Amino acid sequence: MGEPVWWSAMRKQAGRILVLLCLYLPLGCIQAAPLAVTVVLSEHGGPYQEFSDALREKLIKKNIYLDIVDEADEVNPGQGMVVAVGMKAAAAVAGSGARAILNVLVPETGHEKLLRDHPQRAASKAYSAIFLDQPTERQVRLIAAMLPGKRQVGVLFDSFSPDELAELKQRMAMHGLSLHEHKIGADFPLHIALQHILDNSEVLLALPDAAIYNSSTIRNILLASYRSGDPVIGFSPAYVKAGALAAVFTTPAQIAEQTARFIQQYGETRTLPSAQHPQLFEIAVNEQVGRSLGLAVRSAEELVQEISAIAGDAR
Amino acid sequence: MSVENMPRFRLRMRRKFARSVRPQRFSWLIASASFSVCAVCYAGDDVSEQSFLQDFPVVLSASRLSQPISETPNAVTVIDRAAIKTSGFRNIADVFKLVPGMYVGYKDGYSPFVSYRGGMDEYTRRMQVLVDGRSVYLPPYNTVDWEDLPLHINDIERIEVVRGPAATSYGSNSILGVINITTRDASALNGASISATRGNAGGGNGASDAVIHYGRCGERLDYRLTFGAKSDDGFKFPASSPNYYNGYNDSSRTYIANLRGNYRPNGADSFDLQLGFSDGVRATGDPRNTNSPPHDIKNKSNFFQLNWLRAPDRNNDYRIHYYRIYRNSTDERYNAVILPVVGSTLLADNVAALRQELEFQHTAQIGQVNRLVWGVAVRQESADAPTLLKAPQSLRQSRLFANDEWRISPKLLLNAGAMLEHNGMGRKDLSPKVALNYHATAEHTFRAGVSVAHRNPAWVEESSNSRYVTNTTAGPNTLYQYLYSSGGLRPERALSREVGYLGNFHSGLSVDLRAYNDQVSDVIFFDPFVYAGSLKVPTYDFRNEFSARYTGLEGTVKYIWGAKKNNLIFNYAHQSSSAVLVGTPIIFTQPLPLAVQNAVLAQIQNAATGFGASVPMNSFSLLYSRQMSDACSASVGYYQQGAVHVYVGQSPQPLNRRLDLRVARRFGATEKVGGGEVSLVVQNALQDNNVGYSGYLFDRRAYLTATFNF
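Procedures and definitions
- Residue numbering note: each chain is counted from 1, following its sequence as written.
- Written order decides the labels, with chains lettered from A and ligands numbered from 1.
- Confidence filtering applies because this is a predicted model: local features only for residues at pLDDT of at least 70, side-chain atom pairs given and counted only at 80 or more, and all residues used for totals across whole chains, interfaces and linings.
- The basis for every side-chain value is the complete set of non-hydrogen atoms in the structure, without hydrogens or water.
- Comment: elements are numbered from the N terminus, with helices defined as DSSP H or I runs of at least four residues and strands as E runs of at least two.
- Relative accessibility thresholds used throughout: buried, under 20% of the residue-type maximum; exposed, over 50%; partly exposed, between the two (1.4 Å probe, protein chains only).
- In this description, contact between two residues means that some pair of their heavy atoms is separated by no more than 4.5 Å.
- Per-residue and other accessible areas follow the Shrake-Rupley method at a 1.4 Å probe size, with only the shown protein chains counted as cover for residues.
- One bridge is not enough; two strands pair if DSSP finds at least two bridges between them.
- For this analysis, a ring pair means two rings from Phe, Tyr or Trp (six-membered ring only for Trp) whose centres lie within 6.5 Å, classed as stacked if their planes differ by under 30 degrees, edge-to-face if by over 60, and tilted for the remaining angles.
- Whether a charge lies above a ring is judged from NZ of Lys or CZ of Arg, which has to be within 6 Å of the ring centre and within 35 degrees of the ring normal.
- What we call a nonpolar core is a set of buried Ala, Val, Leu, Ile, Met, Phe, Trp, Tyr and Cys residues that are connected through their side-chain atoms within 4.5 Å.
- Marked domain ranges trace back to an automatic or database domain assignment.
- Lines are fitted to the C-alpha atoms to define the axes, a helix being fitted only along its stretch in contact, and any angle between axes, read from their N-to-C directions, falls within 0 to 180 degrees.
- Polar contact is the term for a pair of N or O atoms within 3.5 Å; when the atoms are in protein, one must be able to donate a hydrogen and the other to accept it, and sequence-neighboring residues count only if both atoms are side-chain atoms.
- The term salt bridge refers to a pairing of a side-chain nitrogen on Lys or Arg with a carboxyl oxygen on Asp or Glu at a separation within 4 Å.
- Each residue carries a pLDDT score, the predictor's confidence in it, ranging from 0 to 100.
- Any angle between 65 and 115 degrees counts as roughly perpendicular, while under 35 counts as roughly parallel, over 145 as roughly antiparallel, and the rest as oblique.
- Handedness of a crossing follows from how the near helix is turned relative to the far one, being left-handed for an anticlockwise turn of less than a right angle and right-handed for a clockwise one.
- Throughout, the ten residues Ala, Val, Leu, Ile, Met, Phe, Trp, Tyr, Cys and Pro are labelled nonpolar, Asp, Glu, Lys and Arg are labelled charged, and all others, Gly among them, are labelled polar.
- Two distance rules govern patches: like charges are joined within 9 Å, and nonpolar side chains (Val, Leu, Ile, Met, Phe, Trp, Tyr) within 5 Å, applied only to residues with over 30% relative accessible area and no salt bridge.

1. Focus on the overall build of chain A
Here comes step 1: For chain A, the helix and strand inventory stands at 14 helices and 11 strands.
Here comes step 2: The buried share among the 315 residues of chain A stands at 56%.
Here comes step 3: Counting only contacts in chain A whose residues sit at least 6 apart along the sequence, the fraction spanning at least 24 positions is 71%.
Here comes step 4: Counting every atom, chain A has about 12,500 Å² of accessible surface; 54% of that belongs to carbon and sulfur.

So this is what it looks like as structure tokens:
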């Protein structure tokens, strides 16, 4: 006589049930069902993997059921929450039936584009993002703290709105800095706009604008700036490795930490905080470049502390 | 991950994931984005996070980063492209007037010479001169033919002049200092421009120059090209000058072309290729000189160089550098005196020189406190000058060098290094250097250093046999023996001690002060003697004749203000020199009348006692430039050099003062197609009587230059 079907299924799941019981029992059987969170990665490996590993670590011992999937996979979050990592994943899940979505490792402009493409999400209190972009204030403070003698800040742009530039100008003015901006385009190819900026500025602030800063242009931008004696302030550690003086950025692990807090809030309130810049940040400094430019280089730790203290940011 | 946490997570690894290696913590730096995704990704409107996540290769690798002036073991003057432009100088050699203590002289309109701390003759051969790492002082004189360099003044990105010996970092021949010219990167130009200059230099047809620059930048390949033509009528010589007749025949014309290309097959390797040539015609001769009537000298020069830079990471780069330089000068003429029967004689002062060098260099950042540069090099050179040298010459030199920059503490930096050179003439010499830089504060640095450097004898000193055998009114086959080397010269050796102060202030002000005491022993100098049978008396040999001492104070103040619109450079040098005669220099190959002996001895003694006049006691230069609007700029240069008597045969130069002015107006958009600039330069605007090295008069000159981008 064969085993009953239910018994067979039970036996197959026995190990899993046993471990679940061991874990849940000490916490009390009255605890609510775990929150299901699906993490959708745009790509496997690299910073995406670093983010998911860090998030998993942060959510250990929390009552959360984490499912990490590929963007190409079919996502079926049910009543749970989706964390979309990168633009490909964010674009894929924005159009899905997911109720609560948090976009991470996305640029601010990317999130805005998704809201334009999916207007129904705009009103949702469960659609949010943690941008990769740093708040303007933080970048301006880095320049002010790091280069106290330099007042003329150059910015090259292609797709910034007048509002964004106006805000940048205003923030700089508050720190005694002057903005020299130059738009690139058919009339002003990059090398001409760059030379114009370098002629009129003492420091070049690189802002995420892929038409200007990419792997085919970075070499000439850094060489030309170095020749002019103008340090470059970048927005990722890759810039610092290549030859920028410094960069303020947020690591995937730091975004994971902020994400964990978002998830917990969602678990408690079923709403997500509004889309925002990353709270945590790091600063990388290329001391060799700084020294070569004859600058008094301060340590990254000192700068993080100073900027955090002024801005009230968390470290 | 610990076992106890496993059940809380369900890691759904799809097939694609399962194939991959076990997930590991990737560094943020090693982002997944590969370089090859580059520009293509950004062509569309897609918004991507790649800007934030992509990795870049190391661009400013260890060897690209020059030491800041506050950390160099030497005093260094930096002249950047902007200063060269605003100075309005037309000749590269003139730019060195912006270096404190530098003497710039002209033998004639096309033979400038540049020597730190005055000079001893027109063949300055005591400086290392590098163009992109290529050593351009050439045998047999070991001097630089500035006008023959296949290099246009517009090609220069930056000039660093090391004031004082620096063999450790720059190789041999740097006993007085080093000129290190860096040309524009292959990527510096993305477009084309044509520029034409007309001026009234030297009267006659004046000066006419033209240059075309063309460059293209790509993701992996950049290149730029220069084609230039330059001509002028040289200098005027006053009737009182012993070289008065030179003024009749001092014109020159030079064509140059050069190419620089940079190819980067990947993120770590960079290949930089350069080649160039120059072709010049120089008018020379004096109707009164029987052996050099008016005629043309034809100079040709070419070079090739390849530089492979591998920068695998931020802390290491490796460089292999090969170059080849060839120069020849054809100076052929018939002498003016013709015997009725035999006719005139063909005289030829032809010179050909070839240099090849291969160098390996490794720059390593070791931890946070040490930066080591070390390398080996081998150089092969040869020269043939039938009427100058005893025989065609060749040699192979090799050198091993290392310099460590040790940051003992944040305030204290020690530079220590040495070069061991096998000079190819049977000598091995060690040239060490040590310098300590103390950053009292971020703004104030003090430096003290001691160094030793050597200069190998030039072939013209070691192996000359310069003579003509011609038919003259004195008879057939008359011997004119100009030079004859007895050989066996020792390298000159410099021991330099210096202290310096460097101030670098946030206000845009920087100050560089220096006091030095240099001893140069075994100075090689002309040694007059009487050669048996020569109609030319005296003939000159070369001997290690003097011990010389140079002391001085010099300084530079730079000030940039008003959002970089105003730029001021001020240089001052106070210097003195002296020499003592050592040994018994004179060789007599035949018994001489006492009067002749005394006259020859007196010439040597005068050389020693007159040594102090070979440097101007006080000299200064000032360059102020102002960008008045986006389109208009103006600059003023003032150059003053105290009285000086650079040796051998020339008249003393009195105090020289010169005021240069430049105004420029851009039209159209800067550097864009259809844009350009018109500039007017007036040199010696106040028409001061500037008497040059060979007695020429540098009168007021004006040049108009128009540049058009296409």
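2. Details of the overall build of chain B
Here comes step 1: Scanning chain B from N- to C-terminus turns up 7 helices and 36 strands.
Here comes step 2: Split into buried and exposed, the 710 residues of chain B put 55% on the buried side.
Here comes step 3: Restricting the contact set of chain B to residue pairs at least 6 apart, pairs at least 24 apart contribute 63%.
Here comes step 4: With the model as given, the accessible surface of chain B reaches about 28,500 Å², and the carbon-plus-sulfur share is 59%.

3. Examining the sheet that holds strand β6 (residues 134-135) of chain B
Residue and element names in this part refer to chain B.
Here comes step 1: Taken in spatial order, the 5 strands line up as β2-β7-β8-β5-β6 in an open sheet, and their pairing is mixed. Among the strands making up the open sheet, the edge pair consists of β2 (75-80) and β6.
Here comes step 2: When strand β5 (residues 127-131) meets β6, the two strands line up antiparallel, connected through 2 bridges. Across the sheet, Leu 130 pairs through a bridge with Ser 135, a residue of β6.

4. Quick look at the environment of Leu 222 of chain A
Here comes step 1: Relative to the helices and strands, Leu 222 of chain A resides in helix α10 (residues 218-228).
Here comes step 2: Excluding residues that lie within four positions of it along the chain, Leu 222 of chain A makes contacts with Val 232, Ala 242, Gly 243 and Ala 244 of chain A together with Val 59 and Leu 60 of chain B.

5. A word on the packing of aromatic side chains
All names here are of chain B.
Here comes step 1: Inspection of the entire model under this criterion finds 33 aromatic pairs over all chains.
Here comes step 2: Between the aromatic rings of Tyr 214 and Tyr 223, the centroid separation amounts to 6.3 Å while the plane-to-plane angle is 45 degrees, which identifies the pairing as tilted.
Here comes step 3: Here Tyr 223 falls in the partly exposed class, since its relative accessible area comes to 27%.
Here comes step 4: Lying over the aromatic face of Tyr 484, Lys 390 brings its terminal NZ or CZ to 4.7 Å of the ring centre.

6. Quick notes on the nonpolar core
Here comes step 1: Grouped together as the largest cluster of nonpolar side chains are 91 residues, with contacts concentrated most on Val 39, Phe 51, Val 83 and Ile 283 of chain A.
Here comes step 2: With 7 residues, helix α12 (residues 252-269) of chain A is the largest single contributor of residues to this core.
Here comes step 3: Two domains share this core, each providing at least three of its residues, namely domain 1 (31-132 + 254-269) and domain 2 (136-249 + 281-311) of chain A.
Here comes step 4: Leave out the neighbours within four places in its chain, and Val 39 of chain A touches Phe 51, Leu 55, Leu 66, Asp 67, Ile 68, Val 69, Val 83 and Val 85 of chain A.
Here comes step 5: Ile 92, Leu 389, Ala 458 and Phe 546 of chain B belong to the second largest nonpolar core, which has 76 residues in total.

7. Re α10 of chain A
Residues and elements named next belong to chain A.
Here comes step 1: Counting buried residues along α10, 9 of its 11 residues qualify, which places the element largely inside the surrounding structure.
Here comes step 2: Buried within α10 are the following residues: Ile 218, Arg 219, Asn 220, Ile 221, Leu 222, Leu 223, Ala 224, Ser 225 and Tyr 226.
Here comes step 3: Looking one or two residues past α10, Gly 229 carries a phi angle of roughly 75 degrees, positive in sign.

8. Things to note about the sheet that holds strand β6 (residues 152-157) of chain A
Sheet strands pair by backbone hydrogen bonding; their relative direction is either parallel or antiparallel.
All names here are of chain A.
Here comes step 1: With mixed pairing, the 6 strands of this open sheet are ordered in space as β7-β6-β8-β9-β10-β11. If you trace the sheet from one side to the other, it starts and ends with β7 (178-183) and β11 (282-285), each paired once. Shown here is a sheet whose adjacent strand axes are inclined to one another by a mean of 25 degrees, direction ignored.
Here comes step 2: As paired strands, strand β8 (residues 203-205) and strand β9 (residues 232-234) are joined by 2 bridges and run parallel to one another. By the bridge assignment for β9, Leu 205 is matched with Ile 233.
Here comes step 3: Sheet strands in contact with helix α8 (residues 162-174) are β6, β7 and β8, and its direction is about 155 degrees off that of β7.

9. Considering the environment of Gly 215 of chain B
All names here are of chain B.
Here comes step 1: When you line up the elements, Gly 215 lands in strand β10 (residues 207-217).
Here comes step 2: The class of Gly 215 is buried, set by a relative accessible area of 0%.
Here comes step 3: As for Gly 215 and Leu 259, which are separated by 44 residues in sequence, their C-alpha atoms are 9.5 Å apart.
Here comes step 4: Ignoring sequence-local partners within four residues, the contact set of Gly 215 consists of Leu 189, Asn 190, Gly 191, Tyr 223 and Arg 224.

10. Points about the side chain of His 295 of chain B
All names here are of chain B.
Here comes step 1: As for its position among the elements, His 295 is in strand β14 (residues 295-313).
Here comes step 2: Engagement of the side chain of His 295 in a polar contact is seen with the backbone oxygen of Pro 293, the distance being 2.5 Å.
Here comes step 3: Apart from the residues lying within four places of it in its own chain, the contact partners of His 295 are Asn 249, Arg 282, Ala 283, Thr 284, Gly 285, Asp 331, Glu 332 and Arg 333.

11. So, the pattern of salt bridges
Residue and element names in this part refer to chain B.
Here comes step 1: All chains considered together, the criterion is met by 58 salt bridges over all chains.
Here comes step 2: Where Asp 121 meets Arg 125, a salt bridge forms, and the shortest distance between an N and an O atom there is 3.1 Å. Both residues of the pair, Asp 121 and Arg 125, count as buried.
Here comes step 3: Linking Glu 461 and Arg 455 is a salt bridge whose minimum nitrogen-to-oxygen distance equals 3.0 Å. By the burial criterion, Glu 461 is buried, and Arg 455 matches it.
Here comes step 4: One salt-bridge network, held together by shared partners, links Asp 121, Arg 125, Arg 126, Arg 455, Glu 461 and Glu 492.

12. A short note on the confidence of the model for chain A
Here comes step 1: Confidence along chain A averages 85 in pLDDT terms, with 85% of residues attaining 70 or more.
Here comes step 2: Ignoring residues within four places in sequence, the model shows residues 14-30 of chain A, a span with pLDDT below 50, making 11 contacts including any to other chains.

13. Quick word on unusual backbone geometry
It is generally the case that most residues other than glycine have a negative phi and that most peptide bonds are trans.
Here comes step 1: For the peptide bond that leads from Pro 139 of chain B to Pro 140 of chain B, omega is 5 degrees, which places it in the cis range.
Here comes step 2: As for its position among the elements, Pro 140 of chain B is in the loop between β6 and β7 (156-163).
Here comes step 3: Pro 538 of chain B follows Val 537 of chain B through a cis peptide bond whose omega is -5 degrees.
Here comes step 4: Tracing the sequence through the fold places Pro 538 of chain B in the loop between β27 (509-529) and β28 (539-561).
Here comes step 5: Positive phi outside glycine occurs at Leu 105 of chain A, with the angle close to 50 degrees.
Here comes step 6: Residue class for Leu 105 of chain A comes out buried when judged on its relative accessible area of 0%.

14. Thoughts on the pairing of strand β5 (residues 127-131) of chain A
The side chains of a regular strand alternate, residue by residue, between the two faces of the sheet.
Residue and element names in this part refer to chain A.
Here comes step 1: Buried residues dominate β5, accounting for 5 of its 5 residues.
Here comes step 2: One ladder, built from 5 bridges, connects strand β4 (residues 100-106) with β5; its direction is parallel. Within β5, the position partnered with Val 106 by the bridge is Phe 131.

15. Some thoughts on the packing of helix α7 (residues 136-146) of chain A against α8 of chain A
All names here are of chain A.
Here comes step 1: Between α7 and α8, the shortest axis-to-axis distance is 10 Å and the interhelical angle comes to 40 degrees. In terms of their interaxial angle, α7 and α8 are classed as oblique. The two elements α7 and α8 cross, and the hand of that crossing is right-handed. Facing Thr 136, Glu 137 and Val 140 of α7, the residues of α8 in contact are Glu 167, Leu 168, Arg 171 and Met 172.
Here comes step 2: Looking at the contact of α7 with α8 residue by residue, the classes come out as 3 nonpolar, 1 polar and 3 charged.

16. What to know about the confidence of the model for chain B
Here comes step 1: Averaged over chain B, the pLDDT score is 86; the fraction of residues at 70 or greater is 89%.
Here comes step 2: Segment residues 1-44 of chain B is flagged for pLDDT under 50; beyond a separation of four residues in sequence, or across chains, it makes 84 contacts in the model.

17. What to know about a nonpolar patch on the surface
Residues and elements named next belong to chain B.
Here comes step 1: A cluster of nonpolar residues, Ile 194, Ile 212, Phe 227, Val 663, Phe 667, Val 678, Leu 680, Leu 704, Phe 708 and Phe 710, forms a patch on the protein surface that exposes about 820 Å² of accessible area.
Here comes step 2: Only β32 (656-667), β33 (676-683) and β36 (701-709) provide two or more residues apiece to the nonpolar patch.
Here comes step 3: Mapped onto the elements of the fold, Ile 212 is located in strand β10.

18. Overview of the packing of helix α9 (residues 190-200) of chain A against α10 of chain A
Residue and element names in this part refer to chain A.
Here comes step 1: As a packed pair, α9 and α10 sit with axes 10 Å apart at the nearest point and diverge in direction by 25 degrees. Judged by the angle between their axes, α9 and α10 are roughly parallel. Classified by chirality, the crossing of α10 by α9 is right-handed. Side by side, α9 and α10 meet where Leu 190, Leu 194, Gln 195 and Leu 198 of the first sit next to Asn 220, Ile 221, Ala 224, Ser 225 and Ser 228 of the second.
Here comes step 2: In the contact of α9 with α10, the residues fall into 5 nonpolar, 4 polar and no charged.

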